[in-house]
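Coordinates in review
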Amino acid sequence: MTPEEVELLSELTIVIPTYNRPLELERAIEYWRDLPVTVHILDGSENPWFPVGVLPRLQNFFYYHMPQIGRENPMVSVMRRLTFGATLSKTKFSVVCGDDDF
């Protein structure tokens with residue numbers, strides 16, 4: 001990877017909303033882990049798959065557990081997570097990416 005590519009990628013934040021898809025999420029983490037990007041995972045699953053906060057050994061990966069609130073409509077839950085995700089980027093570029101997108 002060229003220095004220019006590293007510089008550009010370091011200006012990228014990726015927001016990944018997910019729900020009960022641990023295998024897809026693991027694969028996404030494996031894909032992005034060696035690149036100088038910032039990743040925010042917004043998990044709506046009932047139970048967390050990782051410790052909340054910075055993922056161990058991955059200083060640019062942040063995990064948020066945001067399950068449905070009571071009988072919240074699933075679409076409202078997704079929008080709540082995406083609205084929160086829109087506030088997280090501190091870089092020049094950002095993208096919302098599915099847990100199965102690379």
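Coordinates for the structure precede this section.
Everything in this summary refers to the structure shown in the same document. (Residues numbered from 1 in each chain as written. Predicted model: local features only at pLDDT ≥ 70, side-chain atom pairs only at ≥ 80, totals over all residues. Heavy atoms only, no water.)

A closer look at helix α3 (residues 74-85)
This is how it is decided: Going along the chain from the N terminus, every DSSP run of H or I of four or more residues is numbered as a helix, and every run of E of two or more is numbered as a strand. An expected span of 1.5 Å times one less than the residue number is assigned to each helix. Throughout, a residue-residue contact means that at least one pair of heavy atoms, one from each residue, lies within 4.5 Å. Counting of polar contacts relies on pairs of N or O atoms within 3.5 Å, with two restrictions inside protein: one atom must be capable of donating a hydrogen and the other of accepting it, and residues adjacent in sequence are counted only when both atoms are side-chain atoms.
If you check α3, its first and last C-alpha atoms are 16 Å apart, about what 12 residues at 1.5 Å a residue would give, namely 16 Å. The inward-facing, buried residues of α3 contact β1 (12-18) and β2 (38-43). With a side-chain oxygen lying 2.7 Å from the backbone nitrogen of Met75, the N-terminal cap of α3 falls on Asn73.

Concerning the nonpolar core
Short version of the rule: Remark: nonpolar core denotes a set of buried residues (Ala, Val, Leu, Ile, Met, Phe, Trp, Tyr, Cys) joined through side-chain atoms within 4.5 Å. Working definition: with a 1.4 Å probe on protein chains only, accessible area under 20% of the residue-type maximum means buried, over 50% means exposed, and in between means partly exposed.
Ranked by internal contacts, the top residues of the largest apolar core, which has 16 residues, are Ile14, Ile16, Ile29, Trp32, Val39 and Leu55. When contributions to this core are tallied by element, the ones reaching two or more residues are β1, α2 (22-32), β2 and β4 (58-65). If one sorts the elements of this core by residue count, α2 sits on top with 4 residues. Filtering out sequence-adjacent residues up to four positions away, Leu55 remains in contact with Ile29, Ile41, Phe50, Phe61 and Tyr63.

Description of the side chain of Asp99
Relative to the helices and strands, Asp99 resides in the segment after β5 (93-96). For Asp99, a relative accessible area of 4% puts it in the buried group. A polar contact of 2.6 Å, which involves the side chain of Asp99, links it to the side chain of Thr18. There is a polar contact of 3.0 Å between the side chain of Asp99 and the side chain of Arg21. Apart from the residues lying within four places of it in its own chain, the contact partners of Asp99 are Ile16, Pro17, Thr18, Tyr19, Arg21, Glu24, Leu25 and Ala28.

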